[in-house]
Amino acid sequence: MTSEPVQPAERLRPETLAVTVGRPARVVDAPLNTPVTFAATYVGDHDTTSGSLGYGRYGNPTWQALEDGIGALEGGRALTFSSGMAAAHAVLDLLAPGSTVVLPYNCYLGVAASVDVRAAKDGWTVRKVDVADTDAVLAAAEGADLVWVESPTNPTIEVADLPAIGAALAGKVRLVVDNTFATPLLQQPLAVGADIVLHAVTKFIAGHSDALLGALVVRESDTELFAQLDAVRRSRGATPGTMEAYLALRGLRTLPLRLERAQANAQVLAERLAAHPAVLRVRFPGLPDDPGHARAARTMAGFGSLISVDLADAATADAFVDATRLWVFATSLGGVESSLERRRRWAGELPSVPEGLVRLSVGVEHVEDLWSDLAQALNSLP
Ligand SMILES: *Cc1c(COP(=O)(O)O)cnc(C)c1O
(Lines give C-alpha, C1' and ligand atoms only; values in the text may rest on other atoms or scores of the structure.)
Protein backbone atom coordinates (compact mmCIF):
# COMPACT_ATOMS: atom_id res chain seq x y z
CA MET A 1 0.00 0.00 0.00
CA THR A 2 2.73 2.46 0.92
CA SER A 3 5.67 3.18 -1.33
CA GLU A 4 9.27 2.59 -0.36
CA PRO A 5 11.17 5.74 0.63
CA VAL A 6 13.59 7.10 -1.98
CA GLN A 7 16.51 5.75 0.02
CA PRO A 8 16.61 2.83 2.46
CA ALA A 9 14.91 4.11 5.62
CA GLU A 10 18.06 3.64 7.75
CA ARG A 11 19.86 6.30 5.78
CA LEU A 12 17.19 8.97 6.16
CA ARG A 13 17.24 11.22 9.22
CA PRO A 14 14.23 11.33 11.56
CA GLU A 15 13.06 14.74 10.30
CA THR A 16 12.90 13.31 6.78
CA LEU A 17 11.35 10.00 7.83
CA ALA A 18 8.60 11.84 9.70
CA VAL A 19 7.62 13.58 6.47
CA THR A 20 8.13 10.78 3.94
CA VAL A 21 7.04 7.48 5.51
CA GLY A 22 3.48 6.20 5.17
CA ARG A 23 2.68 7.80 1.80
CA PRO A 24 0.89 6.14 -1.13
CA ALA A 25 2.93 5.05 -4.16
CA ARG A 26 3.94 7.95 -6.40
CA VAL A 27 1.72 7.38 -9.41
CA VAL A 28 -0.02 10.06 -11.45
CA ASP A 29 -3.12 11.44 -9.74
CA ALA A 30 -2.54 9.51 -6.52
CA PRO A 31 -3.11 11.62 -3.41
CA LEU A 32 0.06 12.57 -1.52
CA ASN A 33 -1.49 11.42 1.73
CA THR A 34 -2.78 7.97 2.59
CA PRO A 35 -6.57 8.45 2.62
CA VAL A 36 -8.86 7.78 5.53
CA THR A 37 -10.26 4.31 4.87
CA PHE A 38 -13.64 3.72 6.47
CA ALA A 39 -14.02 -0.03 6.20
CA ALA A 40 -15.47 -2.60 8.57
CA THR A 41 -14.83 -5.26 5.96
CA TYR A 42 -12.99 -5.82 2.69
CA VAL A 43 -13.73 -7.76 -0.49
CA GLY A 44 -12.62 -11.34 0.11
CA ASP A 45 -11.52 -14.44 -1.76
CA HIS A 46 -11.90 -18.21 -1.36
CA ASP A 47 -8.26 -18.33 -0.37
CA THR A 48 -8.42 -16.59 3.01
CA THR A 49 -4.66 -16.11 3.05
CA SER A 50 -4.53 -14.11 -0.20
CA GLY A 51 -5.41 -10.70 1.30
CA SER A 52 -3.66 -9.34 4.36
CA LEU A 53 -6.60 -7.33 5.72
CA GLY A 54 -9.68 -9.55 5.69
CA TYR A 55 -11.77 -7.69 8.25
CA GLY A 56 -11.80 -4.23 9.79
CA ARG A 57 -10.62 -5.43 13.19
CA TYR A 58 -7.52 -7.07 11.68
CA GLY A 59 -6.07 -4.20 9.72
CA ASN A 60 -6.66 -0.90 7.94
CA PRO A 61 -4.54 0.97 5.38
CA THR A 62 -4.70 4.21 7.39
CA TRP A 63 -3.44 2.51 10.58
CA GLN A 64 -0.78 0.84 8.46
CA ALA A 65 0.53 4.19 7.21
CA LEU A 66 0.78 5.48 10.78
CA GLU A 67 2.44 2.23 11.88
CA ASP A 68 5.01 2.60 9.11
CA GLY A 69 5.79 6.10 10.39
CA ILE A 70 6.09 5.23 14.08
CA GLY A 71 8.01 2.04 13.26
CA ALA A 72 10.50 3.94 11.10
CA LEU A 73 11.17 6.51 13.82
CA GLU A 74 11.61 3.88 16.56
CA GLY A 75 13.59 1.49 14.35
CA GLY A 76 11.10 -1.37 14.58
CA ARG A 77 7.65 -2.61 13.62
CA ALA A 78 4.63 -0.86 15.13
CA LEU A 79 1.08 -1.85 16.00
CA THR A 80 -1.40 0.89 16.85
CA PHE A 81 -4.22 0.66 19.40
CA SER A 82 -7.25 2.69 20.43
CA SER A 83 -5.28 4.34 23.28
CA GLY A 84 -2.02 4.14 25.18
CA MET A 85 -3.81 2.10 27.85
CA ALA A 86 -5.09 -0.38 25.25
CA ALA A 87 -1.49 -0.83 24.09
CA ALA A 88 -0.36 -1.32 27.71
CA HIS A 89 -3.05 -3.95 28.28
CA ALA A 90 -1.88 -5.87 25.20
CA VAL A 91 1.55 -6.19 26.82
CA LEU A 92 0.08 -7.24 30.18
CA ASP A 93 -2.15 -9.79 28.42
CA LEU A 94 0.95 -11.78 27.46
CA LEU A 95 1.76 -12.47 31.12
CA ALA A 96 0.69 -15.75 32.72
CA PRO A 97 -0.79 -16.13 36.21
CA GLY A 98 1.92 -16.10 38.89
CA SER A 99 4.17 -13.72 36.92
CA THR A 100 6.62 -11.31 38.52
CA VAL A 101 6.50 -7.74 37.20
CA VAL A 102 8.93 -4.91 37.93
CA LEU A 103 7.19 -1.53 37.79
CA PRO A 104 8.39 2.04 38.43
CA TYR A 105 7.16 3.79 41.59
CA ASN A 106 6.49 6.84 39.44
CA CYS A 107 4.54 4.98 36.78
CA TYR A 108 1.69 6.27 34.63
CA LEU A 109 -1.20 5.88 37.10
CA GLY A 110 -3.42 3.96 34.68
CA VAL A 111 -0.73 1.34 34.10
CA ALA A 112 0.04 0.99 37.82
CA ALA A 113 -3.67 0.56 38.64
CA SER A 114 -4.14 -2.03 35.88
CA VAL A 115 -1.13 -4.01 37.09
CA ASP A 116 -2.53 -3.97 40.64
CA VAL A 117 -5.86 -5.35 39.41
CA ARG A 118 -4.19 -8.11 37.41
CA ALA A 119 -1.83 -8.88 40.30
CA ALA A 120 -4.76 -9.42 42.66
CA LYS A 121 -6.64 -11.57 40.15
CA ASP A 122 -3.75 -13.60 38.72
CA GLY A 123 -1.40 -13.89 41.67
CA TRP A 124 1.31 -11.65 40.19
CA THR A 125 4.18 -10.41 42.31
CA VAL A 126 4.81 -6.69 41.72
CA ARG A 127 8.20 -5.21 42.60
CA LYS A 128 8.21 -1.41 42.57
CA VAL A 129 11.49 0.38 41.94
CA ASP A 130 12.96 3.81 41.44
CA VAL A 131 13.91 3.58 37.75
CA ALA A 132 16.67 6.16 38.17
CA ASP A 133 18.42 3.67 40.50
CA THR A 134 19.91 1.21 37.99
CA ASP A 135 21.18 -1.20 40.67
CA ALA A 136 17.69 -1.38 42.20
CA VAL A 137 16.12 -2.06 38.79
CA LEU A 138 18.58 -4.83 38.01
CA ALA A 139 18.22 -6.40 41.47
CA ALA A 140 14.42 -6.41 41.13
CA ALA A 141 14.70 -7.87 37.62
CA GLU A 142 16.28 -11.09 38.96
CA GLY A 143 13.80 -13.85 38.19
CA ALA A 144 11.17 -11.41 36.90
CA ASP A 145 9.05 -12.00 33.78
CA LEU A 146 8.70 -8.37 32.77
CA VAL A 147 10.48 -5.11 33.57
CA TRP A 148 8.48 -1.98 32.83
CA VAL A 149 10.39 1.29 32.60
CA GLU A 150 9.08 4.77 32.00
CA SER A 151 11.66 7.50 31.44
CA PRO A 152 11.66 10.41 31.97
CA THR A 153 9.23 9.64 34.76
CA ASN A 154 5.86 11.16 35.49
CA PRO A 155 5.57 13.61 37.24
CA THR A 156 9.02 13.87 38.85
CA ILE A 157 10.95 13.90 35.54
CA GLU A 158 13.69 11.48 36.62
CA VAL A 159 15.87 9.77 34.03
CA ALA A 160 16.62 6.03 33.82
CA ASP A 161 19.90 4.74 32.40
CA LEU A 162 18.26 2.87 29.52
CA PRO A 163 21.49 1.72 27.83
CA ALA A 164 22.72 0.17 31.10
CA ILE A 165 19.36 -1.45 31.93
CA GLY A 166 18.89 -2.66 28.35
CA ALA A 167 22.37 -4.17 28.14
CA ALA A 168 22.00 -5.99 31.47
CA LEU A 169 18.56 -7.44 30.71
CA ALA A 170 18.93 -8.24 26.99
CA GLY A 171 17.96 -11.83 26.31
CA LYS A 172 17.14 -12.43 29.99
CA VAL A 173 14.02 -10.52 31.01
CA ARG A 174 11.49 -8.85 28.72
CA LEU A 175 11.97 -5.07 28.91
CA VAL A 176 9.15 -2.66 28.06
CA VAL A 177 9.90 1.06 27.80
CA ASP A 178 7.11 3.63 27.86
CA ASN A 179 8.72 6.22 25.57
CA THR A 180 5.80 8.67 25.61
CA PHE A 181 7.69 11.53 27.32
CA ALA A 182 10.91 11.26 25.30
CA THR A 183 9.43 10.40 21.86
CA PRO A 184 11.52 8.39 19.39
CA LEU A 185 13.44 11.57 18.58
CA LEU A 186 15.15 11.75 21.98
CA GLN A 187 15.74 8.05 22.63
CA GLN A 188 15.17 4.79 20.77
CA PRO A 189 14.86 2.05 23.40
CA LEU A 190 14.88 -0.88 20.94
CA ALA A 191 18.40 0.10 19.90
CA VAL A 192 19.66 -0.27 23.48
CA GLY A 193 18.03 -3.59 24.35
CA ALA A 194 14.33 -2.97 25.00
CA ASP A 195 11.94 -5.58 23.60
CA ILE A 196 8.80 -3.44 23.41
CA VAL A 197 8.37 0.34 23.17
CA LEU A 198 5.04 1.81 24.19
CA HIS A 199 3.64 5.15 23.12
CA ALA A 200 0.63 7.06 24.24
CA VAL A 201 0.37 8.42 20.67
CA THR A 202 -2.29 10.68 22.17
CA LYS A 203 0.49 12.89 23.52
CA PHE A 204 3.51 14.09 21.49
CA ILE A 205 3.10 12.01 18.32
CA ALA A 206 -0.49 13.10 17.59
CA GLY A 207 0.43 16.37 19.28
CA HIS A 208 -2.78 18.41 19.06
CA SER A 209 -4.86 17.12 21.99
CA ASP A 210 -7.57 15.87 19.66
CA ALA A 211 -7.11 12.10 19.31
CA LEU A 212 -6.59 9.10 21.59
CA LEU A 213 -4.25 6.42 20.26
CA GLY A 214 -1.54 4.06 21.43
CA ALA A 215 1.27 2.09 19.84
CA LEU A 216 3.65 -0.76 20.57
CA VAL A 217 6.87 -1.20 18.63
CA VAL A 218 9.06 -4.32 18.55
CA ARG A 219 12.25 -5.20 16.67
CA GLU A 220 11.75 -6.21 13.01
CA SER A 221 13.31 -9.59 13.82
CA ASP A 222 10.90 -10.27 16.70
CA THR A 223 8.17 -11.72 14.49
CA GLU A 224 6.82 -14.02 17.17
CA LEU A 225 6.34 -11.25 19.72
CA PHE A 226 4.75 -9.09 17.02
CA ALA A 227 2.34 -11.91 16.15
CA GLN A 228 1.39 -12.39 19.81
CA LEU A 229 0.63 -8.69 20.27
CA ASP A 230 -1.26 -8.59 16.96
CA ALA A 231 -3.33 -11.58 18.13
CA VAL A 232 -4.27 -9.68 21.31
CA ARG A 233 -5.33 -6.66 19.28
CA ARG A 234 -7.40 -8.80 16.91
CA SER A 235 -9.19 -10.61 19.70
CA ARG A 236 -9.69 -7.74 22.16
CA GLY A 237 -10.61 -5.33 19.40
CA ALA A 238 -8.94 -2.25 20.94
CA THR A 239 -8.21 -0.97 17.44
CA PRO A 240 -7.60 2.66 16.46
CA GLY A 241 -10.24 4.65 14.64
CA THR A 242 -9.27 5.43 11.07
CA MET A 243 -9.81 9.19 11.53
CA GLU A 244 -7.65 9.12 14.64
CA ALA A 245 -4.92 7.28 12.77
CA TYR A 246 -5.05 9.91 10.02
CA LEU A 247 -4.83 12.75 12.54
CA ALA A 248 -1.93 11.09 14.36
CA LEU A 249 0.01 10.60 11.13
CA ARG A 250 -0.61 14.23 10.24
CA GLY A 251 0.72 15.11 13.69
CA LEU A 252 3.77 12.89 13.26
CA ARG A 253 4.79 14.88 10.17
CA THR A 254 5.60 17.89 12.36
CA LEU A 255 6.79 16.07 15.49
CA PRO A 256 10.45 17.05 14.96
CA LEU A 257 9.54 20.73 14.48
CA ARG A 258 7.14 20.82 17.40
CA LEU A 259 9.53 19.08 19.74
CA GLU A 260 12.42 21.32 18.75
CA ARG A 261 10.43 24.45 19.61
CA ALA A 262 8.87 23.01 22.75
CA GLN A 263 12.26 21.87 24.07
CA ALA A 264 13.86 25.25 23.40
CA ASN A 265 10.96 26.94 25.21
CA ALA A 266 11.24 24.49 28.11
CA GLN A 267 14.95 25.19 28.59
CA VAL A 268 14.38 28.95 28.84
CA LEU A 269 11.36 28.59 31.12
CA ALA A 270 13.10 26.09 33.43
CA GLU A 271 16.04 28.48 33.91
CA ARG A 272 13.75 31.41 34.67
CA LEU A 273 11.53 29.36 36.98
CA ALA A 274 14.60 28.20 38.91
CA ALA A 275 15.51 31.85 39.56
CA HIS A 276 12.04 32.81 40.84
CA PRO A 277 11.75 33.14 44.64
CA ALA A 278 8.30 31.45 44.79
CA VAL A 279 9.68 28.26 43.19
CA LEU A 280 11.27 25.83 45.68
CA ARG A 281 12.58 23.41 43.08
CA VAL A 282 12.54 22.89 39.32
CA ARG A 283 12.68 19.33 38.01
CA PHE A 284 14.03 19.41 34.46
CA PRO A 285 17.01 17.42 33.21
CA GLY A 286 18.15 20.35 31.06
CA LEU A 287 19.27 22.23 34.20
CA PRO A 288 22.93 21.50 35.02
CA ASP A 289 22.20 20.85 38.72
CA ASP A 290 19.29 18.46 38.05
CA PRO A 291 20.01 14.89 39.30
CA GLY A 292 19.21 13.50 35.82
CA HIS A 293 21.25 16.06 33.84
CA ALA A 294 24.46 14.11 33.18
CA ARG A 295 22.61 10.90 32.39
CA ALA A 296 20.14 12.60 30.04
CA ALA A 297 22.98 14.45 28.31
CA ARG A 298 24.72 11.10 27.74
CA THR A 299 21.76 8.91 26.79
CA MET A 300 19.19 11.24 25.20
CA ALA A 301 19.24 13.56 22.20
CA GLY A 302 17.50 16.33 24.16
CA PHE A 303 15.87 17.11 27.50
CA GLY A 304 12.22 17.11 26.45
CA SER A 305 9.54 19.64 27.17
CA LEU A 306 8.10 18.54 30.51
CA ILE A 307 9.00 20.48 33.63
CA SER A 308 7.78 20.03 37.19
CA VAL A 309 8.02 22.80 39.77
CA ASP A 310 7.60 22.45 43.52
CA LEU A 311 5.70 25.33 45.11
CA ALA A 312 5.17 25.79 48.85
CA ASP A 313 2.00 23.73 49.26
CA ALA A 314 -1.28 22.66 47.63
CA ALA A 315 -2.98 26.03 48.18
CA THR A 316 -0.08 27.93 46.60
CA ALA A 317 0.02 25.54 43.65
CA ASP A 318 -3.75 25.82 43.14
CA ALA A 319 -3.56 29.63 43.27
CA PHE A 320 -0.71 29.58 40.73
CA VAL A 321 -2.57 27.31 38.31
CA ASP A 322 -5.75 29.39 38.65
CA ALA A 323 -3.85 32.64 37.99
CA THR A 324 -2.49 31.61 34.57
CA ARG A 325 -4.42 32.88 31.53
CA LEU A 326 -2.48 31.57 28.54
CA TRP A 327 -1.49 28.21 30.03
CA VAL A 328 -4.42 25.79 30.11
CA PHE A 329 -5.25 23.96 33.32
CA ALA A 330 -5.54 20.43 31.96
CA THR A 331 -4.14 16.97 32.40
CA SER A 332 -2.38 15.23 29.52
CA LEU A 333 0.68 16.61 27.75
CA GLY A 334 2.59 16.83 24.51
CA GLY A 335 0.17 19.08 22.62
CA VAL A 336 1.05 22.27 20.77
CA GLU A 337 -0.60 24.24 23.57
CA SER A 338 1.08 24.72 26.94
CA SER A 339 -0.79 23.16 29.84
CA LEU A 340 -0.24 22.61 33.53
CA GLU A 341 -1.75 20.86 36.51
CA ARG A 342 -1.15 20.17 40.20
CA ARG A 343 -0.59 16.44 40.17
CA ARG A 344 -1.78 15.65 43.69
CA ARG A 345 -5.28 16.77 42.69
CA TRP A 346 -5.57 13.15 41.49
CA ALA A 347 -6.47 10.79 44.34
CA GLY A 348 -4.26 8.07 42.84
CA GLU A 349 -1.11 10.21 42.71
CA LEU A 350 1.70 8.96 44.96
CA PRO A 351 2.06 10.45 48.45
CA SER A 352 5.78 10.86 47.66
CA VAL A 353 4.88 13.50 45.06
CA PRO A 354 4.85 16.87 46.85
CA GLU A 355 1.41 18.49 47.31
CA GLY A 356 2.74 21.67 45.73
CA LEU A 357 4.17 20.01 42.60
CA VAL A 358 2.85 21.43 39.32
CA ARG A 359 3.69 19.65 36.06
CA LEU A 360 4.06 21.86 33.00
CA SER A 361 3.78 20.57 29.44
CA VAL A 362 5.51 23.25 27.39
CA GLY A 363 4.01 23.91 23.98
CA VAL A 364 5.13 25.77 20.87
CA GLU A 365 3.85 29.29 21.58
CA HIS A 366 6.29 32.23 21.80
CA VAL A 367 8.46 31.74 24.85
CA GLU A 368 8.10 35.36 26.04
CA ASP A 369 4.30 35.07 26.08
CA LEU A 370 4.58 31.81 28.03
CA TRP A 371 7.01 33.37 30.51
CA SER A 372 4.95 36.56 30.98
CA ASP A 373 1.97 34.46 31.96
CA LEU A 374 3.95 32.27 34.39
CA ALA A 375 5.67 35.31 35.88
CA GLN A 376 2.43 37.22 36.48
CA ALA A 377 0.86 34.10 38.05
CA LEU A 378 3.89 33.54 40.34
CA ASN A 379 4.06 37.23 41.25
CA SER A 380 0.36 37.20 42.19
CA LEU A 381 0.89 34.56 44.88
CA PRO A 382 0.36 35.75 48.44
C1 LIG B 1 -1.13 9.25 28.70
C2 LIG B 1 -0.14 8.20 29.00
C3 LIG B 1 -0.45 6.84 28.89
C4 LIG B 1 -1.82 6.35 28.51
O5 LIG B 1 -2.21 6.78 27.22
P6 LIG B 1 -3.75 7.01 26.82
O7 LIG B 1 -3.69 7.28 25.37
O8 LIG B 1 -4.25 8.16 27.65
O9 LIG B 1 -4.47 5.75 27.14
C10 LIG B 1 0.56 5.92 29.15
N11 LIG B 1 1.80 6.32 29.51
C12 LIG B 1 2.13 7.62 29.64
C13 LIG B 1 3.50 7.99 30.05
C14 LIG B 1 1.18 8.60 29.38
O15 LIG B 1 1.51 9.89 29.53
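Residues numbered from 1 in each chain as written. Predicted model: local features only at pLDDT ≥ 70, side-chain atom pairs only at ≥ 80, totals over all residues. Heavy atoms only, no water.

Going by an unreviewed UniProt entry, the chain carries the name Cystathionine gamma-synthase and comes from Microlunatus capsulatus. Here the chain is described in UniProt, under the heading Sequence similarities (unreviewed entry), as follows: "Belongs to the trans-sulfuration enzymes family." Of the comments in the UniProt record for the chain, the one headed Cofactor (unreviewed entry) reads "pyridoxal 5'-phosphate". (UniProt positions renumbered as here; feature names shortened; annotations may be inferred.)

Student: What should I look at first to understand the domain arrangement of the chain in this one?
Tutor: For an interface, size is often stated in terms of accessible area lost upon the parts coming together. The domain boundaries assigned to the chain delineate domain 1 (9-253) and domain 2 (256-379). Just the C-alpha atoms count here: the centres of domain 1 and domain 2 sit 26 Å apart. Counting residues at the interface gives 33 residues for domain 1 and 33 residues for domain 2. Overall, the association of domain 1 and domain 2 removes approximately 2,700 Å² of surface from exposure, summing both partners, and the carbon and sulfur fraction of that is 64%. The interface formed by domain 1 and domain 2 includes one salt bridge. At the junction of domain 1 and domain 2, the tally comes to eleven residue pairs in polar contact (both at pLDDT 80 or more). Taken together, the elements giving at least two residues each to the side of domain 1 that touches domain 2 come down to α1 (14-20), α7 (183-186) and α9 (242-253). Tallied by class, residues from the side of domain 1 that touches domain 2 come to 19 nonpolar, ten polar and four charged. (Domains from an automatic or database assignment. Contact = heavy atoms within 4.5 Å. Buried area = accessible area lost by both parts, 1.4 Å probe. Salt bridge = Lys/Arg side-chain N within 4 Å of Asp/Glu carboxyl O. Polar contact = N/O pair within 3.5 Å; in protein donor to acceptor, adjacent residues only side chain to side chain. Helix = DSSP H or I, 4+ residues; strand = E, 2+ residues; numbered from the N terminus. Nonpolar A, V, L, I, M, F, W, Y, C, P; charged D, E, K, R; others polar.)

Student: How should I be thinking about the site of the ligand in this particular structure?
Tutor: Surrounding the ligand, one finds 13 residues, the nearest of these being Gly84, Met85, Asp178, Thr202 and Lys203. Gly84 has a polar backbone atom sitting 2.8 Å from an oxygen atom of the ligand. Lys203 is positioned such that a nitrogen or oxygen atom in its side chain is 2.7 Å from an oxygen atom of the ligand. Against a free-state accessible area of 380 Å², the protein chains account for coverage of 94% of the ligand. (Near = heavy atom within 4 Å. Areas by Shrake-Rupley, 256 points an atom, 1.4 Å probe, with all protein chains shown as cover.)

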